[in-house]
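A look at the structure
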Amino acid sequence: MKVKVKFFAILRERAGAGEITREMKEGGTVADLWEALRKDYPRLAPVETRLLYAVNRNYVRPNHILKENDEVVFVPPVSGG
Amino acid sequence: MKVKVKFFAILRERAGAGEITREMKEGGTVADLWEALRKDYPRLAPVETRLLYAVNRNYVRPNHILKENDEVVFVPPVSGG
Amino acid sequence: MFRVTKEPLDLQALVSYVTAPEAGAIATFVGTTRNNNEGRKVIALDYEAYPEMAEKELARLGEEAKRKWKIERMAIVHRIGPVAITEPSVIIAVSAAHRDDAFQACRFAIEEIKKSVPIWKKEVFEGGEIWIGMQSGQPLPGR
Amino acid sequence: MFRVTKEPLDLQALVSYVTAPEAGAIATFVGTTRNNNEGRKVIALDYEAYPEMAEKELARLGEEAKRKWKIERMAIVHRIGPVAITEPSVIIAVSAAHRDDAFQACRFAIEEIKKSVPIWKKEVFEGGEIWIGMQSGQPLPGR
């Protein structure tokens, strides 16, 4: 199945892309997707900071199971204000 | 000696004056002046609320001794804001 | 800037005044006339001040705030005369490097104004008027 | 009104939006770009958002504030893109019948924004740039 990933801020800069579509196995979690992306984009690998996960504009737990066409965002520490 | 008294808010309305000059004895306190004014202006007499005293634009204690030409204000409970 | 004025208040002017390159936070408080108070339908609030002393007291509390918190600039303007529903009677603006100082100093200022600054408010409501702070739940007798 | 925008922010517009006849108090917070941070000379802050989710999260925290305090209206606007020294990056305005509710809800909003709303700030300083929140006291290695 395919999911959409949006990158923002430092992850956008490191991935060199703002939005991608990626193939993944049915039943995969959002944490699985992050591990896969760290292999796709070696410059994401050194990001050690705690990320939050958002699917379809809601925060979810790392074990959240993705579905076809989900919009996934990995949220580095926010710093608005 | 003479002192200047300014009335504001409810005291102005009850005294029917905004500013007066009053003769008083040397050595009199601001509390003495208030007692004298309650006799001059009977409609001030029923004012039971706690007043603060200001002389020359500073708050003072009731036993503050007045001097010639002092500007005295009796401050009913403030309610700005 | 610590002033008492008969003119309508301008929030943006106060905020521009306190804006500073060293400040990352500006807290403001705007007091407006509310259409009801303790069950009464309010028409307007009519403020009176001992203006010279009120400005002096506002400046004094500004100095006190500067001693208590790390703030950059502070401005307080209080309107006198009638103030219609939704219009501002007082505006406080405080800038600081960090937000906690700005919030605390702003809150302190409005609490102090209500305690010690010689300004008085007459509430004009449907059926009468009353000097706020003088009543014990009811209009004063003998008015 | 909960928005993310590239346009300069207008404090008076937000305050007008939250002004209500039932409100006697309006608290606002304005976050501005400060000219220094942790010893660095800041040139500008450059904000990026996940805009659809940021607006949703702002509205959510507005709902949470309405449950916690007795407030009338709330507005939050956050700017994205470069924000020069002294310019506002975020404005919060809250109206309430009474000041305590307005102050508390306003403070709550800015604290929540810094915790949970997907907006990020890059600090552009003399000698480099850094994503705030990602550093451990220093610019990230490998940049």
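Everything quoted here is computed from the prediction, not taken from an experiment. (Residues numbered from 1 in each chain as written. Chains lettered and ligands numbered in written order. Predicted model: local features only at pLDDT ≥ 70, side-chain atom pairs only at ≥ 80, totals over all residues. Heavy atoms only, no water.)

Attention now goes to the interface of chain D and chain C. If you look at the interface, chain D gives 32 residues, while chain C gives 32 residues. Of all residues in chain D, Arg34(D), Arg99(D) and Phe103(D) bury the most surface against chain C, accounting for 23% of the area lost on that side. For the pair chain D and chain C, the interface holds four salt bridges. The salt bridge involving Arg99(C) is made with Glu111(D); its shortest N-O contact spans 2.7 Å. Inspection of the region where chain D meets chain C yields 15 residue pairs in polar contact (both at pLDDT 80 or more). Looking at the side of chain D that touches chain C, the elements with two or more residues in it are helix H1 (11-18), strand E2 (25-32) and helix H3 (99-116) of chain D. Its residues placed into classes, the side of chain D that touches chain C shows 15 nonpolar, ten polar and seven charged. (Contact = heavy atoms within 4.5 Å. Buried area = accessible area lost by both parts, 1.4 Å probe. Salt bridge = Lys/Arg side-chain N within 4 Å of Asp/Glu carboxyl O. Polar contact = N/O pair within 3.5 Å; in protein donor to acceptor, adjacent residues only side chain to side chain. Helix = DSSP H or I, 4+ residues; strand = E, 2+ residues; numbered from the N terminus. Nonpolar A, V, L, I, M, F, W, Y, C, P; charged D, E, K, R; others polar.)

The next thing to look at is helix H2 (residues 51-68) of chain D. Turn by turn, an α-helix covers 3.6 residues, leaving residues three or four places apart pointing in a common direction. Across its 18 residues, H2(D) extends 26 Å between first and last C-alpha, which sits within 8% of the 26 Å expected from 1.5 Å per residue. Three or more residues of H2(D) are buried, namely Met53(D), Ala54(D), Glu57(D), Leu58(D), Leu61(D), Gly62(D), Glu64(D) and Ala65(D). (Expected span 1.5 Å × (residues − 1). Buried < 20%, exposed > 50% of the residue type's maximum accessible area, 1.4 Å probe, protein only.)

On to the packing of aromatic side chains, then. Tallied over the entire structure, the rule returns 14 aromatic pairs over all chains. For the pair Phe7(A) and Tyr41(A), a centre-to-centre distance of 5.8 Å together with 70° between the ring planes defines the contact as edge-to-face. Here Phe7(A), found in the loop between strand E1 (2-6) and helix H1 (9-15), pairs with Tyr41(A), found in the loop between helix H2 (30-40) and strand E3 (52-55); they are 34 residues apart in sequence, far enough to count as distant. Taking 5.0 Å as the distance between ring centres and 45° as the angle between the ring planes, the aromatic pair formed by Trp34(B) and Phe74(B) counts as tilted. With Trp34(B) in helix H2 (residues 30-40) and Phe74(B) in strand E5 (residues 71-75), the pair connects residues that are 40 residues apart, well separated along the chain. This pair shows no difference in class: Trp34(B) is buried, exactly as Phe74(B) is. Here the aromatic residues Phe8(A), Tyr50(D) and Trp120(D) are joined through ring pairs into a cluster of three or more. (Phe/Tyr/Trp six-rings, centres within 6.5 Å; stacked < 30°, edge-to-face > 60°.)

Per the counting criterion, the structure on display carries two cavities of 30 Å³ or more. Estimated volume of the second largest cavity: approximately 30 Å³. As for the second largest cavity, its lining consists of Ala9(B), Ile10(B), Pro77(B), Ser79(B), Trp120(C), Trp131(C), Ile132(C) and Met134(C). For the lining of the second largest cavity, a count of residues per class yields seven nonpolar, one polar and no charged. (1 Å grid on protein atoms, 1.4 Å probe; cavity = no way out; pocket = protein on both sides within 12 Å on 5 of 7 lines; lining within 4 Å. Points joined across faces, edges and corners; volume = space filled by probe spheres on them.)

This part covers unusual backbone geometry. For Asn69(B), which is not glycine, the phi torsion reads 70° and is therefore positive. Among the secondary structure elements, Asn69(B) is positioned in the loop between strand E4 (58-60) and E5. Among the residues examined, Asn69(B) registers a relative accessible area of 60% and is labelled exposed. In this model, Glu38(C) sits at a positive phi of 50°, which is unusual for a non-glycine residue.

Another point: the sheet that holds strand E4 (residues 58-60) of chain A. Reading across the sheet, the five strands line up as E2-E1-E5-E3-E4 (chain A) and stay open at both edges, with mixed pairing between neighbours. Looking at strand neighbours, the two that pair on one side only are strand E2 (19-23) and E4 of chain A, the edges of this open sheet. Mean inter-strand twist for the sheet, computed between neighbouring axes without regard to direction, equals 35°. Of the pairings in the sheet, the one linking E1(A) to strand E5 (residues 71-75) of chain A comprises three bridges and is parallel in character. Residue pairing in the sheet places Lys4(A) in a bridge with Glu71(A) of E5(A). Across the face of the sheet, H2(A) comes into contact with E1, E2, E3, E4 and E5 of chain A while running at roughly 75° to E5(A). Seen against the sheet, H2(D) touches E1, E3 and E4 of chain A and runs at an angle of roughly 90° to E4(A). (Pairing = 2+ DSSP bridges. Axes fitted to C-alpha atoms, helices over the stretch in contact; angles between N-to-C directions.)

This part covers the state of the cysteines. Summed over all chains, the structure comprises zero disulfides over all chains. Take Cys106(D): it sits in no disulfide, and the sulfur closest to it among the cysteines is that of Cys106(C), at 8.9 Å. A relative accessible area of 0% places Cys106(D) in the buried class. (Disulfide = S-S within 2.5 Å.)

What follows concerns the relation of the copies chain D and chain C. The operation relating chain D to chain C is a screw motion whose rotation component is 180°, with 0.0 Å of axial translation and a residual RMSD of 0.0 Å. Here the two chains are linked by the operation of a two-fold rotation axis. Relative to the rotation axis, the closest C-alpha in chain D is found at Thr28(D), a distance of 2.6 Å. Comparing contact sets, 100% of the residues at the interface of chain D also lie at the interface in chain C, consistent with an isologous, same-surface contact. (Least-squares fit on C-alpha atoms with pLDDT ≥ 70 in both.)

On to the interface of chain C and chain B. Taken residue by residue, the interface counts 31 residues in chain C and 24 residues in chain B. When the two sides are added together, the surface that chain C and chain B hide from each other amounts to roughly 2,300 Å², 56% of it contributed by carbon and sulfur. Seen at the junction of chain C and chain B, the total is three salt bridges. Here Arg12(B) and Glu48(C) are joined by a salt bridge, their closest N and O atoms 2.5 Å apart. One can count 16 residue pairs in polar contact (both at pLDDT 80 or more) joining chain C with chain B. Elements that contribute at least two residues to the side of chain C that touches chain B include exactly strand E4 (40-49), helix H2 (51-68), strand E7 (88-96), helix H3 (99-116) and strand E8 (119-125) of chain C.

None of the figures reported here should be taken as evidence of function without further support.
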